[in-house]
Structures are given as C-alpha cells and as structure tokens.
Amino acid sequence: MKDQLSALFWLTIRDPAEAALAIMSRPVARQIGWMILFLGILLNVFAHFLTLAIFPAPEEFATPLLNAPFLYAFAMGGGLIVLIFAFFWGGRAIGGRGRFDDLLLAMGWLQYMRFVVQMFVLILMVLLPNFALLLSLGVGLYSIWIVLHFVNVIHGIGSLGKTFVLLLFTSLGLVLGMTMLLSLTAATAIGMS
C-alpha cells in the first residue's frame with residue numbers, strides 16, 4: 001500500500017492527468033471518500049498548527065481564524081467542500097460528465113499530498129528558510145496546474161482552457177461567497193455587542 005501511494009504521489013507530480021485516471025480507476029464508496037477527505041483536512045490542520053508552534057505568526061497576523069484549531073478546520077473543510085461541489089456542478093454546466101465521487105476522492109488525495117509537502121517545507125524552514133519560501137510559492141502555483149488537470153480529466157472536458165475558466169470562476173465565486181459570509185458574520189457580531 002505504501003509503495004502504491006508513493007507511486008501515485010510521484011505520478012501526480014510528474015503527470016497529473018495520468019494520476020487523475022489512476023484515481024478514477026479505483027473508485028471507492030462515497031462514505032469512504034468523505035472519510036479520506038476529512039482525515040486529509042485534519043492532517044493539514046495539524047501541519048498548520050505545528051508550523052505555528054515552531055514559527056509563531058507575528059501579532060498583526062494573529063487572527064482567531066488562524067489560531068483556533070476548530071475554527072480553522074471548519075473554515076478549511078467548509079471551503080474545500082464548497083469547492084468540490086462547485087467543481088462538480090460547474091463542470092456539469094459546461095458539458096462535463098464527471099462523477100462526484102471521483103472529484104471527492106481526487107480532492108481528498110490532494111490533501112494528503114499537501115500534508116506531505118507541508119511537512120517537507122517545515123523541515124526546510126528550519127534548515128534553509130529562503131529556499132523553503134521559494135519552494136512553498138512554487139508548490140502553490142504547481143498545485144493549481146494539478147487541480148486543473150484533475151478537473152479536466154475527471155469531467156472529460158478535453159480543454160485545459162475551458163477548465164481554467166471553470167476554476168477561475170469557481171474560485172472567484174468561492175472567495176466572493178466567503179467574503180460575504182464573513183462580512184455578515186462580522187456585522188452580526190458588531191450589532192449584537
């Protein structure tokens with residue numbers, strides 16, 4: 001199992017489209033897909049707070065969202081779930097035929113990859129902080145490329161351009177929705193105090 005996961009990890013980096021096909025070839029029950037996703041989210045929450053414990057954030061960035069584990073997990077998990085549904089329905093709207101379970105499993109898999117990379121970057125931050133910062137930026141950009149291929153292959157869109165537009169509008173919609181939700185929450189909190 002460890003060898004298969006390691007092979008899938010490197011395949012995802014080398015050839016994201018082929019990795020998406022490999023994930024689709026091993027379907028799992030939706031309940032298992034949700035468990036995989038939630039465990040991946042918990043691992044990333046752990047990685048975030050381990051990083052904060054070793055490298056505390058400056059006071060000006062010390063927001064409750066980034067410093068409260070349950071709030072951070074809820075925001076991260078909620079945003080990811082909304083993104084998965086948006087990728088599914090957005091892909092269907094432009095003629096995609098992907099299965100929700102495949103998208104769920106693929107996004108869950110990417111959370112495990114993210115965890116491994118976060119742990120590697122954390123070690124590099126101790127040893128080579130400047131290189132770790134550059135690597136982190138590069139990983140962030142490359143992860144967009146991976147998601148682009150995953151959504152394209154799972155939906156069978158056949159066009160990275162169309163998929164990029166889907167990802168762009170989906171992400172913008174998510175940011176706008178989260179901003180409105182946070183604004184309403186803040187306004188309610190201010191009105192109640």
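Report on the accompanying structure.

Definitions and limits used
Chains are numbered independently. Their residues run from 1 in the order of the written sequence. Residue-level local features of this predicted model are given only where pLDDT is at least 70; pairs of side-chain atoms are given and counted only at 80 or more, and the full residue set underlies all totals for whole chains, interfaces and linings. Only hydrogens and water are removed before side-chain values are computed, so all heavy atoms of the structure are retained for them. For the purposes of this entry, the term helix denotes a DSSP run of H or I that reaches at least four residues, the term strand denotes a run of E that reaches at least two, and both are numbered from the N terminus. For every residue, the accessible area (1.4 Å probe, protein chains only) is compared with the maximum for its type, and the residue is labelled buried under 20%, exposed over 50%, or partly exposed between those bounds. Note on contacts: a residue pair is in contact if any heavy atoms of the two residues lie within 4.5 Å. In this scheme Phe, Tyr and Trp rings, the latter by its six-membered ring, pair at centre separations within 6.5 Å, and the angle between planes marks the pair as stacked below 30 degrees, edge-to-face above 60, and tilted otherwise. Of the two site types, the cavity is a set of points on a 1 Å grid over the protein atoms alone where a 1.4 Å probe fits but cannot get out, and the pocket is an open set with protein on both sides within 12 Å along at least five of seven lines, each lined by residues with an atom within 4 Å of a point. Grid points are joined across faces, edges and corners, and a volume is the space filled by probe spheres set on the points. The term salt bridge refers to a pairing of a side-chain nitrogen on Lys or Arg with a carboxyl oxygen on Asp or Glu at a separation within 4 Å.

Take the side chain of Asp 102 next. Along the chain, the position of Asp 102 falls in helix α6 (residues 100-127). Note on Asp 102: relative accessible area 4%, which makes it buried. Non-local contacts of Asp 102, meaning those with residues more than four positions away in its chain, are made with Met 24 and Ile 154.

Before going further, it helps to examine the packing of aromatic side chains. What the rule picks out here adds up to eight aromatic pairs. Ring geometry for Phe 88 versus Trp 89: centroids 4.9 Å apart, planes at 75 degrees, classification edge-to-face. Since its relative accessible area comes to 55%, Trp 89 is described here as exposed. Among the aromatic residues, ring-to-ring pairing joins Trp 34, Phe 38, Phe 85, Phe 88, Trp 89 and Phe 100 into one connected group.

Glancing now at the layout of surface pockets. Taken as a whole, the largest pocket encloses approximately 1,600 Å³ of empty space. In terms of lining residues, the largest pocket is bounded by 41 residues, among which Met 76, Arg 114, Gln 118, Gly 140 and Ser 143 are the most central. Elements with a contribution of two residues or more to the lining of the largest pocket: α3 (30-54), α4 (64-67), α5 (69-93), α6, α7 (129-155) and α8 (160-192). In terms of residue count, α6 provides more of the lining of the largest pocket than any other element does, 10 residues in total. Estimated volume of the second largest pocket: approximately 500 Å³.

Take the pattern of salt bridges next. Applying the stated criterion across every chain, the model contains three salt bridges. Asp 101 serves as the salt-bridge partner of Arg 99, at 3.5 Å between the closest nitrogen and oxygen. We note a salt bridge from Arg 99 to Asp 102, for which the minimum N-O separation is 3.2 Å. Judged by relative accessible area, which is 38%, Arg 99 ranks as partly exposed.

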